[in-house]
Amino acid sequence: MDFPTIPLVDLGAQQEEIADEVEIGMKEVFAQTSFIGGPAVTEFEKAYAGFLGARHCVGVGNGTDAIELALRSCGVRSGGEVIVPANTFIATAEAVSRIGATPVPVDVDPVHLLIDPARAAEAAGPRTQAIVPVHLFGQTAPVERLESLAASYGAAIVEDAAQSQGATRHGRFAGTLARAAGTSFYPGKNLGAAGDAGAVTTDDPEVAARVRLLGAHGSRVRYQHEAIGLNSRLDTLQAVVLSAKLRRLRGWNQRRREAAERYTSLLSGLPGVQLPVSAEGNVDVWHLYVIRTDDRDRVLHELQAAGIGAGIHYPVPFHLSQAYRELDYRRGDFPVAERAADTMLSLPIYPHITVEQQEYVARTLSTAIVGRSR
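Residues numbered from 1 in each chain as written. Predicted model: local features only at pLDDT ≥ 70, side-chain atom pairs only at ≥ 80, totals over all residues. Heavy atoms only, no water.

*Asks:* Help me get a handle on the pattern of salt bridges, residues and values and all.
*Replies:* In total, this model carries 20 salt bridges according to the counting rule given. Taking the shortest distance from any N to any O, the salt bridge between Arg 169 and Glu 144 comes out at 2.8 Å. You can see Arg 169 sitting in strand 6 (residues 168–169) and its partner Glu 144 sitting in the loop between strand 4 (128–131) and helix 6 (147–152), a full 25 residues away along the chain. Of the charged contacts, one joins Arg 331 and Asp 342 as a salt bridge, the two residues approaching to 3.6 Å between their closest N and O atoms. (Salt bridge = Lys/Arg side-chain N within 4 Å of Asp/Glu carboxyl O. Helix = DSSP H or I, 4+ residues; strand = E, 2+ residues; numbered from the N terminus.)

See below:
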């Protein structure tokens, strides 16, 4: 059986599942005219904090704001340095730059492509104010292996948990492993809104209060401003969508795990393909299923020609982007991340993907790799 298109992520299926519940919630918002804040935001913040086991959740406008506000609330200032993995979406570094601090990229481990604590130790110095481990692709980074390093420099650890809602490491949820974490609810995330949205989670009441202050123009009381902040609040209608999806997130994540296991079974032994594996102690949520292959661009073209919405996350490491040319990094500075950028290929994965769709992806990929049907 062939399929005309298999998307990288099927948001339509999610929307169909929650449509009635969202309609009721939105009608309540309009009836109450509580368009900024209101009960829907408060209820979601409480529910998401409870889901993770965090003491505080503060909704913000998007994931980039979440990282910036978390960093600022943990003491990162202009002129400081923040260590980030070279293999991440540019938003991680961008949040640092918006504070006036300098992102310091470090290489990643060659198996999981997450921050390498040994490389972080080499990059740390007297100007280091924070370390940002990124929980990429639905994995959880080894935060505990960064704790002594951060402590030795008086630096904070702030998690980038944008791709890991529901993932755990040694039984603890991503987003609760450090002083604070920023997450994104961009529509394609495991927990995605119907637009931009994000949150900061923390056990520290002072950090939570600071995030809320800075996200409201530095104001606790109307027209009284304690700090220069920004306008970054979780939209009330997005909170309605997120609450409906949060009630399904455990089940949806389990279906992602089953889909990942199925891909691994279908693709095991395929020559020239490196499959993803979970790190010891991790229960991953498979935001993305990322394989690696040398002839990636040709393979991607063949998959897309067959109607398969494969993609690349991410083709250009941020240190090689035009935006960060002033940092004066060159190809070869972070070889593992750069090699990954040339070989990574994301296959379609989402809670509603079918066995038949995955089998079609596997057959098409096998044909592209070895020139014959599996």
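*Asks:* Talk me through the sheet that holds strand 9 (residues 198–202); I want residue IDs and the actual numbers.
*Replies:* For sheets, the rule is that strands pair by backbone hydrogen bonds, running either parallel or antiparallel. The sheet built from 7 strands is open, its strands ordered 1-9-8-5-4-2-3 with mixed pairing. Of all the strands in the sheet, the pair left with one neighbour each is strand 1 (56–60) and strand 3 (102–106). The average undirected angle you get between the axes of adjacent strands in this sheet is 25°. The pairing of strand 8 (residues 180–184) with strand 9 spans 5 bridges and is antiparallel. (Pairing = 2+ DSSP bridges. Axes fitted to C-alpha atoms, helices over the stretch in contact; angles between N-to-C directions.)

*Asks:* Describe helix 9 (residues 249–267), listing the residues and the values that go with them.
*Replies:* If you check helix 9, its first and last C-alpha atoms are 27 Å apart, about what 19 residues at 1.5 Å a residue would give, namely 27 Å. Leu 249, Trp 252, Asn 253, Arg 256, Arg 257, Ala 259, Ala 260, Tyr 263 and Leu 267 are the residues of helix 9 that are buried. Seen from one end, helix 9 has its buried residues packed into an arc of 165°, which puts them on one side. In this structure, helix 9 carries Arg 250, Glu 261 and Ser 265 as exposed residues pointing more than 90 degrees from its buried face. One or two steps after helix 9, the chain reaches Gly 269, where phi turns positive at roughly 85°. (Expected span 1.5 Å × (residues − 1). Buried < 20%, exposed > 50% of the residue type's maximum accessible area, 1.4 Å probe, protein only. Arc of directions from axis to C-beta.)

*Asks:* Go over the packing of aromatic side chains, please, and point to the residues and values.
*Replies:* Overall, the coordinates contain 11 aromatic pairs when judged by the stated rule. Measuring from centroid to centroid gives 5.8 Å for Phe 44 and Tyr 48, while their planes differ by 15°, and the two rings are stacked. Taken together, the residues span about one helical turn, with Phe 44 and Tyr 48 both in helix 2 (residues 39–52) at a distance of 4 residues. Owing to a relative accessible area of 2%, Tyr 48 belongs among the buried residues under this scheme. Geometrically, the ring pair formed by Tyr 48 and Phe 51 is stacked, given 6.2 Å between the ring centres and 15° between the ring planes. Taken as a pair, Tyr 48 and Phe 51 lie in helix 2 at a separation of 3 residues, close to a single helical turn. You can call Phe 51 buried: its relative accessible area is 7%. Counting every residue linked through ring pairs, the aromatic cluster contains Phe 44, Tyr 48, Phe 51, Phe 173 and Phe 185. (Phe/Tyr/Trp six-rings, centres within 6.5 Å; stacked < 30°, edge-to-face > 60°.)

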